[in-house]
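What the coordinates show
So the chains spell out like this:
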Amino acid sequence: MSAGDGVTPVGRVPAGPTSVPAEPSGAPEPPAPTRPDAERVVLRLARPYLGRLLGAGLLAAATEFAGLALMATATWLLMSAAGRPPLDRLTVAIVAVRALAVGRGVFRYTERLAGHDAVLRMITDVRARVFAALAARREGTDRRTGDALSRLVSDVEAAQDLLLRVLVPGSAAALVGLLAVGGAALISPPAAGVLAVGLLVAGVALPALATRLTRRAADEVAPLRGALAVDAVDLTHGAADLAAFGATDAALAAAEGRAGRLARLERRLAAVGFAVDATGVLVGGLTAAAVVVVALRAGVGGVLVGVLAVGTLAAVEVALALVAAARQRTQLRAGLARVADLLTEPAATEPVGVTGPVGVTGPVGVTEPVGAAGPVTGGHDVRFEDVTIRYRAGAAPALAGFDLDLPAGCRVAVVGPSGAGKSTLAAALTGAVRPAAGRVTVGGVPVSEHPADRLPRIVGGLLAEAYVFHATVRENLLLGRPDAGEADLTDAARAAGLLDWVRDQPEGWDTVVGEQGGQLSGGQRQRLALARALLAAPPVLVLDEPTEGLDPAAADAVLDSALAATPAGHSVLLISHRLSGLAGLDEILVLEGGRVVQRGRHEELVARPGWYREQWLRQEAAERGYLALAP
């Protein structure tokens, strides 16, 4: 299938940096507005792990309180020991210092263990739901590969940081601050009041200031990172085209511009963070000095004044964790909003379709839902009823008033010039796009109403640009049918013309094909993808250019064997630019400009003037010349 058939879904920016050399990847999207409930959406997924998170929070508070108590006790011990009192007066303090020092380390380790255990469990769920939402976006999306990867990795990590770097340390600091004020009040209520004021400045005013100063810059960071990920994909995969059109310098300049902007934002955030941290240290010193003055005026003894001073410094340092939490929360806003947008989509409510072959660790490495072990049996009638699809308002329709009946067991080919709507037809049948008018049904049920995890088992096959995983031949084939045996693999590979090549390899079925099938030729990749489609054997088999990249003789042989291997009662929708090999099909449709201009069997269309006859004669003449020149 030619590139002209790849009609872009609604709102999607066509890929390829060469259309606008100055901006190969598109300008970065504007900062995502923070949803008021973005944190709530993410935290809702933490409910099953609430007990673990609460335990982690209490352990974090115990860690900080142990540190505070250690400083205060050690201060009392040192100042008291200077007066050379009897040793029995210091024994309890000595034991307490040792216990607090050891306990602080134990509490910290246990808190990290409990917190990361809970968060990693939750993140597994979040990442699965985000993946499901990205995979289920069939239309109306302008997200590209790099941006999707950024969402799946960096943005999901924002949910992790929200818990580990914001909520847990923030709640622990607040609790320890209250305990510190209470402890100071037992020694000197006026000093406790001063400490409370200092803690409010360090734990409330400074975090609010840090949030205000960093919010705007932080909101731009996540979109810029997504844009840079897109740039990386464009510059890597489009390097040859950029060089061919002389657009490499412009593409690099645009990417470097975004990278420079990101570096400036991060430097600004770092500078603001340094200034706020320095202010926090100053607040700690001033608060300690004020506590000492007030305590002395209140007649507090010298040893306890020292304890109050050191305890104040430690308490303010703990409270300053709220500044770091607030700054971190500000930086996470854009990422959390992007994740929440995906998690609140209907398709993201359950991670259905986060699938991979059962027991197969090569292609995907995750588990297929129960029930995907074998092909769906039985026929499913397909019907297009007055289907119209447009990708932009006011644009010419990609399909206009299209009708087709594809009963179970029927085999239909769709041909036509590039841009005629052939890919749109396949996309509508597989649910990738939805009609603006009319409907597409499979088994009497609209395609949009089939469960997302079941539709690919009913309608599937070899689609445009089928992906070949960095795995073995066996694992690639088992993707759609994990329970297939050796005989099934052999039959599918034979039908696709791949079996001889597999048997020639030293590793046979366990031959690793490389990333995107890089160790295979173009024809071998196509045969592997076709064999995978034939092995899956969906009731409605879509074959989009199954013989692309093969020479005419091999193409005819592979098409004949593939059609022969399709089980009786299964429907076939064949999209092809080659007209050879279509004589045995039940019907052939010629699309042009999104409309059916001719339909009938091969012998009927060849006998009538029109596009089909002209192309048939041209292809026959061209292939006769090719065969005449072939050795």
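Numbering of residues starts from 1 in every chain and runs along the sequence as written. Where local features are concerned, this predicted model is filtered to residues with pLDDT of at least 70; where side-chain atom pairs are given and counted, the filter is 80 or more; whole-chain, interface and lining totals use all residues. To obtain the side-chain values, all non-hydrogen atoms of the structure were used and water was disregarded.

**Thoughts on the overall build of the protein**
Formally: Numbering of helices and strands runs from the N terminus, with a helix taken as a DSSP run of H or I at least four residues long and a strand as a DSSP run of E at least two residues long. Accessibility here uses a 1.4 Å probe with only protein chains present; expressed as a share of the type maximum, an area under 20% marks a residue as buried, one over 50% as exposed, and anything in between as partly exposed. Note on definitions: a residue-residue contact is assigned when non-hydrogen atoms from the two residues lie within 4.5 Å. Here the Shrake-Rupley method, with its probe set to 1.4 Å, supplies the accessible areas, and only the displayed protein chains count as covering residues.
Within the protein, the secondary structure is distributed over 18 helices and 10 strands. By residue count, 46% of the 631 residues in the protein fall in the buried class. Within the protein, counting contacts between residues at least 6 apart in sequence, those at least 24 apart form 76% of the total. Total accessible area on the protein is roughly 29300 Å²; 59% of this is exposed by carbon and sulfur atoms.

**What about the packing of aromatic side chains?**
The test is simple: Two rings from Phe, Tyr or Trp (for Trp, the six-membered ring) form a pair when their centres sit within 6.5 Å of each other. Planes less than 30 degrees apart are called stacked, planes more than 60 degrees apart edge-to-face, and all others tilted.
On inspection of all chains with the given rule, the structure shows 1 aromatic pair. With 5.3 Å between their ring centres and 85 degrees between their planes, phenylalanine 384 and phenylalanine 402 make a pair best called edge-to-face. Of this pair, phenylalanine 384 sits in strand E1 (residues 382-389) while phenylalanine 402 sits in strand E2 (residues 399-406), placing them 18 residues apart in sequence. Using a relative accessible area of 2% as the deciding quantity, one classes phenylalanine 384 as buried.

**As for the packing of helix H2 (residues 50-81) against helix H8 (residues 302-319)**
Note the following rule: A fitted line through C-alpha atoms serves as each axis, taken over the contacting stretch for helices, and the angle formed by two N-to-C directions is quoted from 0 to 180°. These descriptions rest on fixed angle ranges, namely under 35 degrees for roughly parallel, over 145 for roughly antiparallel, 65 to 115 for roughly perpendicular, and the rest for oblique. Crossings are assigned a handedness: left-handed for a near helix turned anticlockwise from the far helix by less than a right angle, right-handed for a clockwise turn. Polar here means any residue outside two lists: the nonpolar Ala, Val, Leu, Ile, Met, Phe, Trp, Tyr, Cys and Pro, and the charged Asp, Glu, Lys and Arg; Gly therefore counts as polar.
Direction vectors running N to C along H2 and H8 enclose 155 degrees, while the axes themselves pass 9 Å from each other. When the axis of H2 is compared with that of H8, the two are roughly antiparallel. You can see that H2 and H8 cross each other, and the crossing is right-handed. Along its contact with H2, which presents Glu64, Leu68, Met71, Ala72, Thr75, Trp76, Met79 and Ser80, the element H8 presents Gly302, Val303, Leu304, Gly306, Val307, Val310, Gly311, Ala314, Ala315 and Val318. A per-class count over the contact of H2 with H8 returns 12 nonpolar, 5 polar and 1 charged.

**Looking at helix H16 (residues 552-565)**
Under the convention used in this document: By this rule the span expected of a helix is its residue count minus one, scaled by 1.5 Å. Taken from the helix axis, the directions to the C-beta atoms give the arc we talk about.
Between the first and last C-alpha of H16 there are 20 Å, a value that for 14 residues agrees with the 20 Å anticipated at 1.5 Å per step. If you check which residues of H16 are buried, you get Pro552, Ala554, Ala555, Val558, Leu559, Ala562 and Leu563. Down the axis, H16 shows its buried residues gathered within 155 degrees of arc, on one side only.

**As for unusual backbone geometry**
Backbone geometry places aspartate 386, a non-glycine residue, at a positive phi of 50 degrees. Locating aspartate 386 in the fold gives a position in strand E1. On the accessibility criterion, aspartate 386 (46% relative accessible area) is partly exposed. Its identity is not glycine, yet alanine 537 carries a phi of approximately 50 degrees, on the positive side. Within the fold, alanine 537 resides in the loop between helix H15 (522-536) and strand E7 (540-544).

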